[in-house]
Amino acid sequence: MSSLEAITLNDSPLPSVQVSYSVVFNILNAFNRRNSESTRIIGTLLGEVKENVVHVTESFVVPFIENVEEHMVQINADYHKSMYHYHRRNNKKEQVVGWFSTSTSTGALVIDNCSLVHDFYTAECNHPHAVHVVVDTTLAAADALMSVRSFVARDYVLDKESLSVAFHELKTSVVPASDAEATLVHQLLKGQLAGRKFASATVVAELSDIKAPATEAGAKQVRKATEALIELISGLQQYVELVQEGKVEANREVGILINEAIALYGAQPLQPAQIAALQTRSQDLLMVAYLASSAQVQTTLAEKVNQIL
């Protein structure tokens, strides 16, 4: 099955598939963390269908048990529904678009049990073509590279009776779901030494392309990054002031991002000077609260005395 080429049928509007980088990374990470007794993993694919293109932007693993010889598959449907419900709470646009699996230990991409799993996900999808994405983890391709391929199932029907199920390969591309993903993958590839593959987790990244000593180039990069950060913070401060003054309409998404950035900064350890400043401010606030409470008590006593007199 690994030698299949993409098939396009003129009489069938088969979709094309675009898989984001994060989905592939998530599948590979789950495969490395799988049970030692499992030869492959399966899971749910989430995304959107636009103009006959299936955009796969999220995925999660679903526990299952299978017996290849007996053609038996048991899928934890409750787990699938619960995880899908949690994902829908964060992103209402994402829906079930299909399922994924890794190749078998022999390098097979599609086996007989795939039709059973595909039937389950066909019932879960709201569009007519549930896609099956396969990540080849055995590197069994001719070029010894990992491949990501997708399929769609078609029933062979005779006199309204289904005889068999055939998987047709679709045009598949791995693309970044956002500019952030594209930047991440670019830095990962650039950080490797020339001619070296991802043999280990060690990444060697060049700080600068300028032909200068390492310390000088590093200092320039740090100074440049610091200046860019200060400029960004100044822009955010100006935006917040304009929103408070009513000159600019508030953007909820921008506010959430600013809040998350502030929360991340709050998780950083404080310096002694910052701790002392916070303690001084806390003491001032406690003093103001105490004086306000005392003034309120004095006012209440004065009112009681006036009522008695």
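In what follows, the structure referred to is the one given above.
Asks: Requested: an account of helix α1 (residues 21-32), with residues and values cited.
Replies: For α1, built from twelve residues, the straight-helix expectation of 16 Å at 1.5 Å per residue is met to within 8% by its first-to-last C-alpha distance of 17 Å. All of the buried residues in α1 are Val23, Val24, Ile27, Ala30 and Phe31. Viewed end-on, α1 has its buried residues packed into an arc of 130°, placing them on one side of the element.

Asks: Which residues make up the nonpolar core, and what values go with them?
Replies: Of all hydrophobic cores here, the largest spans 21 residues; its most connected members are Val96, Trp99, Val110, Cys114, Val117, Tyr121 and Phe151. Of all the secondary-structure elements, those providing two or more residues to this core are β2 (42-50), β6 (95-102) and α3 (113-124). For this core, the element with the highest residue contribution is α3, accounting for four residues. When sequence neighbours within four positions are dropped, the list of residues in contact with Trp99 reads Ile42, Gly43, Thr44, Leu45, Cys114, Val117, His118, Tyr121, Val131, His132 and Val133. Ranked by size, the runner-up nonpolar core spans 20 residues in total, among them Phe31, Val135, Val152 and Leu170.

Asks: Give me the pattern of salt bridges: which residues, what numbers.
Replies: A complete count under the given rule lists four salt bridges for this structure. The partner of Arg149 in a salt bridge is Glu169, and the shortest N-O contact between them spans 2.8 Å. Placement of Arg149 in strand β8 (residues 148-158) and of Glu169 in strand β9 (residues 161-170) is noted, with a sequence separation of 20 residues between them. Relative accessible area serves as the criterion here: at 6%, Glu169 is assigned to the buried category. Residue Glu245 pairs with Lys247 through a salt bridge whose shortest N-O separation is 3.4 Å.

Asks: Help me get a handle on the packing of aromatic side chains, residues and values and all.
Replies: The geometry of an aromatic ring pair is captured by two quantities: the separation of the ring centres and the angle between the planes. By the definition in use, this model includes two aromatic pairs. Ring geometry for Trp99 versus Tyr121: centroids 6.1 Å apart, planes at 10°, classification stacked. With Trp99 in strand β6 and Tyr121 in helix α3, this residue pair connects regions lying 22 residues apart in the sequence. Of the two residues examined, Trp99 and Tyr121, each falls in the buried class. Each member of the aromatic cluster is reached from another via a ring pair, and the members are Trp99, Phe120 and Tyr121. The cationic tip of Arg34 hangs over the ring face of Phe31; the distance from NZ or CZ to the ring centre is 3.9 Å.

Asks: Give a detailed account of the packing of helix α2 (residues 77-90) against α3, specifying residues and quantitative values.
Replies: Closest axis-to-axis distance for the α2/α3 pair is 13 Å, and the angle between their directions is 35°. Relative to α3, α2 is oriented so that their crossing is right-handed. The segment α2 lies against α3, with Ala77, His80 and Lys81 engaging Phe120, Tyr121 and Glu124. Here the residues of the contact of α2 with α3 sort into three nonpolar, one polar and two charged.

Asks: Got a sec to walk through the side chain of His132? Specific residues and values, please.
Replies: Note that His132 resides in strand β7 (residues 131-135). Since its relative accessible area comes to 0%, His132 is described here as buried. Excluding residues that lie within four positions of it along the chain, His132 makes contacts with Trp99, Phe100, Ser101, Leu109, Val110, Cys114, His118, Arg149, Ser150, Phe151 and Phe167.

Here is what the cut-offs are and how they apply
- Residues numbered from 1 in each chain as written.
- Predicted model: local features only at pLDDT ≥ 70, side-chain atom pairs only at ≥ 80, totals over all residues.
- Heavy atoms only, no water.
- Helix = DSSP H or I, 4+ residues; strand = E, 2+ residues; numbered from the N terminus.
- Expected span 1.5 Å × (residues − 1).
- Buried < 20%, exposed > 50% of the residue type's maximum accessible area, 1.4 Å probe, protein only.
- Arc of directions from axis to C-beta.
- Core = buried A, V, L, I, M, F, W, Y, C linked by side-chain atoms within 4.5 Å.
- Contact = heavy atoms within 4.5 Å.
- Salt bridge = Lys/Arg side-chain N within 4 Å of Asp/Glu carboxyl O.
- Phe/Tyr/Trp six-rings, centres within 6.5 Å; stacked < 30°, edge-to-face > 60°.
- Lys NZ or Arg CZ within 6 Å of the ring centre and 35° of its normal.
- Axes fitted to C-alpha atoms, helices over the stretch in contact; angles between N-to-C directions.
- Left-handed = near helix turned anticlockwise from the far one by under 90°.
- Nonpolar A, V, L, I, M, F, W, Y, C, P; charged D, E, K, R; others polar.

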